[in-house]
Amino acid sequence: MPDLTDLLFYGFSGLALFFGFLCVANPLSRSPVTSAMFLVLTIVSLAGLFTLLHAFFLAAIQVLVYAGAVMVLFLFVIMLLDLKEEERRRFRRFTVGAGVIAVGVIAGLLLQTVLKAVPYSPNTTVLAVGATRPLGVILFTQYLLPFELLSLLLLVAVVGVILLTKKELK
Amino acid sequence: MHATLNHYLVVSVLLFSLGLFGVLARRNLLVIYMGLELMLNAANLALVAFSRYNANLNGQVMVFFTITVAAAEVSVGLALIVALYRKRQTAHVEDLTSLKL
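Cut-offs and rules
Residues numbered from 1 in each chain as written. Chains lettered and ligands numbered in written order. Predicted model: local features only at pLDDT ≥ 70, side-chain atom pairs only at ≥ 80, totals over all residues. Heavy atoms only, no water. Helix = DSSP H or I, 4+ residues; strand = E, 2+ residues; numbered from the N terminus. Buried < 20%, exposed > 50% of the residue type's maximum accessible area, 1.4 Å probe, protein only. Contact = heavy atoms within 4.5 Å. Areas by Shrake-Rupley, 256 points an atom, 1.4 Å probe, with all protein chains shown as cover. Domains from an automatic or database assignment. Buried area = accessible area lost by both parts, 1.4 Å probe. Salt bridge = Lys/Arg side-chain N within 4 Å of Asp/Glu carboxyl O. Polar contact = N/O pair within 3.5 Å; in protein donor to acceptor, adjacent residues only side chain to side chain. Axes fitted to C-alpha atoms, helices over the stretch in contact; angles between N-to-C directions. Parallel < 35°, antiparallel > 145°, perpendicular 65-115°, else oblique. Nonpolar A, V, L, I, M, F, W, Y, C, P; charged D, E, K, R; others polar. Core = buried A, V, L, I, M, F, W, Y, C linked by side-chain atoms within 4.5 Å. Patch = residues over 30% accessible without salt bridge, like charges linked within 9 Å, V, L, I, M, F, W, Y side chains within 5 Å.

A. Quick look at the overall build of chain A. Tallying secondary structure elements over chain A gives six helices and zero strands in all. Taken from N to C terminus, the helices and strands of chain A fall in the order α-α-α-α-α-α. Residues counted as buried form 36% of the 170 residues belonging to chain A. Taking the contacts inside chain A whose residues are at least 6 apart along the sequence as the reference set, 66% of them involve residues at least 24 apart. Per element, the accessible surface of chain A, about 10400 Å² overall, is 75% carbon and sulfur.

Below, the structure written as structure tokens:
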């Protein structure tokens, strides 16, 4: 008899895969806006999976940063570009066939590796709990330098984006 | 069946394959970018699952860094797409065949 966590796992992973499929290969709509909305739903389902893995902080970050900030940026750019033409273009049979073959090979390899791996029986009494406090402690002690470098990276990204989107590049 | 590490890894592999398929089969730059995001998220899921079942928080810190770098990467990539659209009026990979703008 599966308990509630397992039911939630199957529910969230099914939803994530279903929405992910609709994001990349929606049979009804070619529109990038539809893809973006399904990507938001995929990300929210993944946040549910993170919660099941007791990574509460990351689940919150996933919703705030990914589903919030990043996808809003995506939608802004889609609206800015006005991609009417995309909806008229069809999938080309050759590209889809090549894609299916390539993806099938890689997915087969990865799945075989995962399924053949020695069944890992973790010590179920000590599982990691990614609450905010322990994660914050490790982030500000052991990973302090990468954390500070990350702020520099974000600054560089901000400057670069402003430079790239200026009307005339000098 | 109880959800174990392998279950999470299988979900991660399938999600990664979906993202890869999006990158290979779609022709719109923005949708290709979304496929990339899907692949990143699949890798994040694998990292969090490993972190949980090894009782080790380093994996979650790694995911934290990945999400931040991905945010920076998305902003720069979208800025490039906007700049490209200004020059060529298209976001379709088949129309972008020359190196020189």
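Once you've had a look at it, read on.
B. Summary view of unusual backbone geometry. One non-glycine residue, H54 of chain A, lies in positive phi territory at about 65 degrees. For H54 of chain A, the position within the fold is in the loop between α2 (32-52) and α3 (56-81).

C. Examining the domain arrangement of chain A more closely. Residue and element names in this part refer to chain A. Taken domain by domain, chain A consists of domain 1 (1-88) and domain 2 (123-170). Tallying the contact residues gives five residues for domain 1 and six residues for domain 2. Counting each side, the surface lost to burial between domain 1 and domain 2 is near 390 Å², with a carbon and sulfur contribution of 69%. It is H54, F56 and F57 in domain 1 that bury the most area against domain 2; as a group they hold 85% of the surface buried on that side. Counting across the interface, domain 1 meets domain 2 through zero salt bridges.

D. Main features of the interface of chain A and chain B. Between chain A and chain B, the contact holds 82 residues from the first and 70 residues from the second. The contact between chain A and chain B buries some 7200 Å² in all, and 76% of this surface belongs to carbon and sulfur atoms. At the boundary of chain A and chain B, one finds zero salt bridges. On the surface where chain A and chain B come into contact, there are nine residue pairs in polar contact (both at pLDDT 80 or more). Within the residue set of the side of chain A that touches chain B, elements represented by two or more residues are α1 (4-24), α2, α3, α4 (93-116), α5 (132-141) and α6 (144-164) of chain A.

E. Summary view of the pattern of salt bridges. All names here are of chain B. Summed over all chains, the structure comprises one salt bridge over all chains. Across the pair R27 and E94 runs a salt bridge, and its minimum N-O distance is 3.3 Å. Of this pair, R27 sits in the loop between α1 (5-25) and α2 (29-53) while E94 sits in the segment after α3 (58-88), and the two are 67 residues apart along the sequence. What makes E94 partly exposed here is its relative accessible area of 32%.

F. Region of interest: the packing of α3 of chain A against α3 of chain B. Viewed as axis vectors pointing N to C, α3 of chain A and α3 of chain B meet at an angle of 5 degrees, and their least axial separation amounts to 11 Å. Relative to α3 of chain B, the element α3 of chain A is oriented roughly parallel. Each of F57, L58, I61, Q62, V65, Y66, V70, L73, F74, V77, L80 and L81 of chain A in α3 of chain A lies in contact with α3 of chain B, whose residues at this interface are Q60, V63, F64, I67, A70, A71, V74, S75, L78, I81, V82 and Y85 of chain B. Residue classes in the contact of α3 of chain A with α3 of chain B are distributed as 21 nonpolar, three polar and no charged.

G. Representation of the nonpolar core. Core analysis: the biggest nonpolar cluster contains 74 residues, and L49, M71, F74 and L81 of chain A together with Y8, L30 and L45 of chain B have the highest contact counts within it. Secondary structure elements with two or more residues in this core: α1, α2, α3, α4 and α5 of chain A together with α1, α2 and α3 of chain B. Structurally, this core is a two-domain feature, drawing no fewer than three residues from each of domain 1 (1-88) and domain 2 (123-170) of chain A. Those residues in contact with L49 of chain A, other than ones at most four positions away along the chain, are F9, F12 and S13 of chain A together with Y8, V11 and L45 of chain B.

H. Representation of a nonpolar patch on the surface within the structure. Taken together, the side chains of L145, L149, L152, L155, V156 and V159 of chain A define a hydrophobic patch exposed on the protein surface, amounting to about 610 Å² of accessible area. Within the secondary structure, L155 of chain A sits in helix α6.

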